[in-house]
Amino acid sequence: MKPLQKQIGTGMNRVDGRLKVTGAATYAAEYELPGLVYAVLVGSTIAKGRLASLDTKAAERAPGVLAVVSHLNAPKAPGAKPAGKDPSQPQTVGNPLAVFTDDKIRFNDQPIAVVVADTLERARFAAGLVKAQYAQEAHQTNLEANRPQAFLPTQAKKNPKSPVADYQRGQVDAYKTGALKLEAEYVIPTEVHHPMELQAITAHWEAPDRLTLYDKTQGTMATRRDFAKQWGLPEENVKVVATFVGGAFGNALHSWPHESAAIIAAKVVNRPVKLMLTREQMFTMVGYRPHTWQKIGMSATADGKITAITHEATGQTSTYEEFTESTLGQTRMMYQAPNLTTRYRLVALDIGSPIWMRGPGEATGAFALESAMDEMAHLLNLDPLEFRLRNYTDQDPERNRPWSTKFLKECYQAGADRIGWSKRQLKPGMLRDGDWLVGYGMGVGTFGAHRGASKANAQLLPNGTVLLQSAVTDIGPGTGTAMTQIAADTLGLDPAKIRFEWGNSSFASAPTQGGSAIVNSVGPAVQEACLALKAKLRELAAAGNGAFAAARPEDVAFADGHLTLNGNPAARATYADLVKQAGGTAVAVDSKPGPDGQKYSMYSFSVHFAEVRVHPLTGEVRVSKLVSCADAGTIINEKTAGNQMKGGAVGGIGMALMEHAMIDDRFGRYVTKDLADYHVPVHADAPAVEVFFVNQPDPHVNALGTKGIGEIATIGVAPAIANAVFNATGKRVRELPITPDKLI
Amino acid sequence: MNQFQYARPSKPQAAIRAVAKDANAQFIAGGTNLVDLMKRGVMTPQKLVDINRLPLNKIERQNNGLRLGALALNSAVADDKLVRERQPLLVQALNAGASAQLRNMATVGGNMLQRTRCPYFYDTTMPCNKRAPGTGCGALEGINRMHAIFGFSDKCIAVHPSDMSVALVALDATVLVSGPQGDRRIPFADFHRLPGDTPQKDTNLERGELITAVDIPDAPFTRHVSYYKVRERASYAFALVSAAAALELDGNTIKAARLALGGVAHKPWRLTAAEQVLVGKPATEATFRQAAEVAMQGAKAFKYNEYKLKLAPNTLVQALKTATAA
Ligand SMILES: Cc1cc2nc3c(=O)[nH]c(=O)nc-3n(C[C@H](O)[C@H](O)[C@H](O)COP(=O)(O)OP(=O)(O)OC[C@H]3O[C@@H](n4cnc5c(N)ncnc54)[C@H](O)[C@@H]3O)c2cc1C
């Protein structure tokens, strides 16, 4: 028999690629259930106040309308609390805005009613007939104006060890007394995830106490938990299906008002209800990367050693949830600085809650830190790469313990070679290509190599196929493909014989897809499930065949229709017999992170190098080349991993050059409402991104050696571009995005 | 979206009659602008008169010029051999607009009549004199980075978003119109209006008047042309500022010039005074700067569009440089 090719590390095609490109993959809004009806939300047109009256009569009389539901008539979900801060919850509060519980308006476009009709068009028409009167109150939507009201997050008040609590090593604000110092403020605007697939849910009460949701979510288990709690149901009575998710970038990490609304609507009309947001609603009620102000103070010695950094950040949150993110974490561990201060604050505004957006706070923080590194290198007249090398950390300066692995220097080298860093001039504005100025910049990224507990189920089917199941979602990174590869190598089985099923809360519990943690967490669960299956099969085979009893699990091999033993061609046990025996082969594992997380600091690292062209007359910026290098541990699939890096880099181009959701503070309402005025990069903005992986296993995170890719693909890209723009023009832009008006 | 009636006549006169007699009727061509506006409730016609069956999509030679049928697709015009040979500036302007898919739907007439992208016009909960006369101008003291620096009034500071129209105004085109009172010809420069006290009126078309064609006279601008469009990404975005430049050169001397700006006013902004500055002078950056200075006379900015006072002349200079080098 031909030895099986090892799958891990190859660029195996996506297991669902064909389904996706042929349109056969089913997304949340594509479940055509019998009796399905359509819901459209009505949003508030003020940012703060009370609903004085709501006239739904015309809408109710409109053709095809089944119900108009609002706080006036919504059935009470037993577990739904009115929106408000729940300080018992860390990070973002697990108390999503429960719709229709009261008459309060907390942000503009907050759902105030939902209209259900037999067709989408009729629902939309009727939604336009709902008339609201408001008792308006003065609102606040401007971060800058409200910074004096910034506060320490509740979780930091309760726990001084919290990652968002004030941090200190060495002397406080020591940079102020440094000989060579800089002080600069950096701002990122609100950015919105805008995956291609709009947020959508199909809610179906299969019985008065049994709810099935076909939902766009990154975590089937989390969504199940939230809505079981909201409706006071046992978790097993709620089923969440998210087999295909058309991108999310974080905006499906939370439960949102439209989901609550669809479930209420389905309850009222007692039929399955589909609700899909409009692009406009994607701005207002499903999160965003929060507008954040930052300030960095940094001092260094004349020979380029950092002596102190103070990094402050103030981010925006809503009035009803305290959303925090790790904006300052990397500043504490990235460079060797004996004196280091971080302070994180929030401002509560009358806008919907933010949520993590790819690279989350780290991408925001990296814009400030990596820009400041470039500014300091310029002050020192040092090459910014050399400056980073002089402050390289061989162990974690925050926790004073070793890194599990760190191959960032290798990334620096590979990236510098590939971008042609030697062409870079220390002095800005020196290089030209025709009319255009040319510049080079770099930015570093890092993100915790997180691993969470995860279960997995595996069984051998009589036809010789192995079926694996996990509740994990695949929002685009290729999770299903990577898991198939891991199973194939662990079992020694052709990947065509493996069926990995995902995206269903009825499957084995898995963490939410996010924080670059899925291969780290679900990967070992799949690996362990496959090992357990092998052991079980050997045991079952041993009962009927002595040769198997004596064998080691790793010698068990899969052949056509039966198991064999390496080194003993005569031994065989047919699948049909094995399955019949003992009534099945199912195994279940519960895979948990090991103790190494206490001994080592575990991070993925990346560096991005950008070459840009800037037009001196028009201020247009073109990224002509991008090289992204990552130390992300073992690479399971070089194609999907490369795709993550490229997609993250393009997201970084958007962050650097164009993404900006704008609010008119007089109305507390977004003026950017669609993809014609909220710009994301188009093909012409994205150069071919060159990707390099160190591909060295990290033995401490898990047995596969993975560290995670999704976030570091974006973190550090925006400052690399901003630094390249400085190198090209001598203009330092500290407020993103870098649009032409800021350069001319 | 409101409910509406739909008709699809095959004769121009029937279409004209249908719209002339009904104040709530509206022509629809490619629908790429009108349908969007209807979905948002910005425009609420009670009747749509689909003109796609009218025989108005020809591109042909006519009286020492080119005649573009009102229903000729933006992509068809940009790909047409005659147009490419004789009016390359128009080709560049068309290809700088929207996306390939939209250009395959958008028509010449519809493109001229597309409405402003001002966010206050688009949001029915906000004040806008163009959408709802008398409610005020939301942009005047709002987020006005995309707004006008020329020809605005205190009632409206919106800009016209069409790229094609910037080239057509530079090229001295004429709009052919048929209406209930018969046919007339409108010079392109007089087709769009400044807002004044009636910003709800974008153009000088009367109710029921149908654009049938656009005539472009032959001119020697077949080589030294440039439509330079500055936007916030490399493609598929409306202009912050755009400049159309067409030159006739004799050696390095400018014999004739046509200039216009986009993204700066309620209408495509022809720059005849700046053109005069160029004639007879050498095609150098210094000359272009002089012309740009004249072009900018009378410009005034608002809180967020100050940058246009610099970007507009710079874009004009760049368009002239590119045209010269072509
Ligand atoms: C996402 C997006 C991006 C875009 N980007 C750009 C861009 O960068 N640059 C640019 O220039 N444009 C851009 N456009 C606008 C596009 O060019 C216009 O939508 C298009 O040209 C309109 O043509 P249409 O035939 O579809 O018009 P329709 O939408 O059918 O009609 C528009 C208006 O014209 C009227 N009308 C149409 N034909 C006639 C006629 N013959 N006589 C009288 N009235 C008529 C209609 O009644 C209606 O009021 C963009 C559009 C979109 C959606």
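Every value quoted in this text rests on a predicted model; they were computed, and no experiment measured them.

A separate point is the site of the ligand. Residue and element names in this part refer to chain B. For the ligand, the set of nearby residues contains 33 residues, the closest of which are Phe 27, Gly 31, Thr 32, Thr 107 and Asp 163. Asn 33 places a polar main-chain atom, nitrogen or oxygen, 2.9 Å from an oxygen atom of the ligand. One of the backbone N or O atoms of Ile 211 is found 3.0 Å from a nitrogen atom in the ligand. Coverage of the ligand by the protein amounts to 95% of the 980 Å² it exposes when considered alone. Elements represented by at least two residues in the shell around the ligand include exactly β2 (25-28), α2 (34-39), α7 (108-113) and β8 (210-217). Among the elements that take part in the shell around the ligand, α7 stands out by supplying 4 residues, more than any other. A class-by-class count of the residues in the shell around the ligand yields 16 nonpolar, 13 polar and 4 charged. Both of domain 1 (5-52) and domain 2 (224-325) provide at least three residues apiece to the shell around the ligand.

Glancing now at the interface of chain A and chain B. Each partner contributes to the interface: chain A provides 35 residues, whereas chain B provides 37 residues. Summed over both partners, the interface of chain A with chain B comes to about 3,000 Å²; 59% of that surface belongs to carbon and sulfur atoms. On the surface where chain A and chain B come into contact, there are 6 salt bridges. For Asp 674 of chain A, the salt bridge identified is with Arg 40 of chain B, shortest N-O distance 2.6 Å. The interface formed by chain A and chain B includes 14 residue pairs in polar contact (both at pLDDT 80 or more). Mapped by element, the contributors of at least two residues to the side of chain A that touches chain B are α3 (120-127), β29 (663-664) and β30 (669-670) of chain A. Across the side of chain A that touches chain B, the residue classes tally to 18 nonpolar, 5 polar and 12 charged.

A few words on the side chain of Glu 370 of chain A. Residues and elements named next belong to chain A. Following the sequence through the fold, Glu 370 ends up in helix α10 (residues 360-380). Looking at Glu 370, its side chain comes within polar contact range of the side chain of Arg 388, at 2.7 Å. In contact with Glu 370, other than residues within four places in its own chain, are Tyr 335, Arg 388, Gly 443, Val 444, Pro 719 and Asn 723.

Right, let's talk about the UniProt feature "domain: FAD-binding PCMH-type" (unreviewed entry) in chain B for a bit. Using the residue numbers shown here, the UniProt feature "domain: FAD-binding PCMH-type" (unreviewed entry) corresponds to residues 1-221 of chain B. End C-alpha to end C-alpha, residues 1-221 of chain B measures 45 Å, and it is 27% helix and 18% strand.

What follows concerns the confidence of the model for chain B. Across chain B, pLDDT averages 97, with 100% of residues at or above 70. This complex was scored by the predictor with a pTM of 0.97 and an ipTM of 0.97.

This part covers the pattern of salt bridges. Two side chains carrying opposite charge are able to pair once their charged atoms lie near each other. Residue and element names in this part refer to chain A. According to the stated counting rule, one finds 58 salt bridges over all chains in the structure shown. Between Glu 144 and Arg 147 there is a salt bridge, and its shortest N-O distance comes to 2.9 Å. Overall, the relative accessible area of 43% leaves Glu 144 in the partly exposed class. For the salt bridge of Asp 555 with Arg 552, the shortest nitrogen-to-oxygen distance reads 3.2 Å. When salt bridges that share partners are traced, they join Arg 332, Asp 396, Glu 398 and Arg 399 into one network.

What follows covers the sheet that holds strand β6 (residues 131-136) of chain A. In a beta sheet, neighbouring strands are held together by backbone hydrogen bonds and run either parallel or antiparallel to one another. All names here are of chain A. In spatial order, the strands read β4-β2-β6; together these 3 strands make up an open sheet with antiparallel pairing. Each having just a single partner strand, β4 (104-105) and β6 make up the two edges of the open sheet. Bridge count for strand β2 (residues 49-55) against β6 is 6 bridges, and the pairing is antiparallel. For Leu 54, the partnering residue across the bridge sits in β6 and is Ala 132.

We now examine the environment of Val 701 of chain A. Residues and elements named next belong to chain A. Examined against the element boundaries, Val 701 turns out to sit in the loop between β31 (689-693) and α19 (717-729). In this structure the C-alpha to C-alpha distance between Val 701 and Ser 404, which are 297 residues apart in sequence, comes to 7.8 Å. In this structure Val 701 touches Ala 449, Arg 451, Asn 520, Met 602, Thr 706 and Lys 707, once residues within four positions along its chain are discounted.

Examined at the domain level, chain B breaks down into domain 1 (5-52) and domain 2 (224-325). For domain 1 of chain B versus domain 2 of chain B, the distance between C-alpha centres works out to 36 Å.

With that settled, the discussion passes to the domain arrangement of chain A. All names here are of chain A. Under the domain assignment used here, chain A contains domain 1 (17-24 + 452-592), domain 2 (31-137 + 196-248 + 252-282) and domain 3 (148-190 + 289-450 + 599-742). A separation of 39 Å is found between the C-alpha centroids of domain 1 and domain 3. Between domain 1 and domain 3, the contact holds 17 residues from the first and 17 residues from the second. Of the roughly 1,200 Å² buried where domain 1 meets domain 3, counting both sides, 52% is carbon and sulfur surface. Among the residues of domain 1 in contact with domain 3, Pro 477, Ser 516 and Asn 520 are the three that bury the most area, contributing 43% of the side total. Where domain 1 packs against domain 3, one counts 0 salt bridges. Remark: the boundary between domain 1 and domain 3 carries 9 residue pairs in polar contact (both at pLDDT 80 or more). Breaking the side of domain 1 that touches domain 3 down by element, the ones donating at least two residues are α13 (479-491) and α14 (518-544). Ranked by residue count, the leading element in the side of domain 1 that touches domain 3 is α14, at 6 residues. The residue makeup of the side of domain 1 that touches domain 3, split by class, is 6 nonpolar, 11 polar and no charged.

About the thresholds
Residues numbered from 1 in each chain as written. Chains lettered and ligands numbered in written order. Predicted model: local features only at pLDDT ≥ 70, side-chain atom pairs only at ≥ 80, totals over all residues. Heavy atoms only, no water. Near = heavy atom within 4 Å. Polar contact = N/O pair within 3.5 Å; in protein donor to acceptor, adjacent residues only side chain to side chain. Areas by Shrake-Rupley, 256 points an atom, 1.4 Å probe, with all protein chains shown as cover. Helix = DSSP H or I, 4+ residues; strand = E, 2+ residues; numbered from the N terminus. Nonpolar A, V, L, I, M, F, W, Y, C, P; charged D, E, K, R; others polar. Domains from an automatic or database assignment. Contact = heavy atoms within 4.5 Å. Buried area = accessible area lost by both parts, 1.4 Å probe. Salt bridge = Lys/Arg side-chain N within 4 Å of Asp/Glu carboxyl O. UniProt positions renumbered as here; feature names shortened; annotations may be inferred. pLDDT = per-residue confidence, 0-100. Buried < 20%, exposed > 50% of the residue type's maximum accessible area, 1.4 Å probe, protein only. Pairing = 2+ DSSP bridges.

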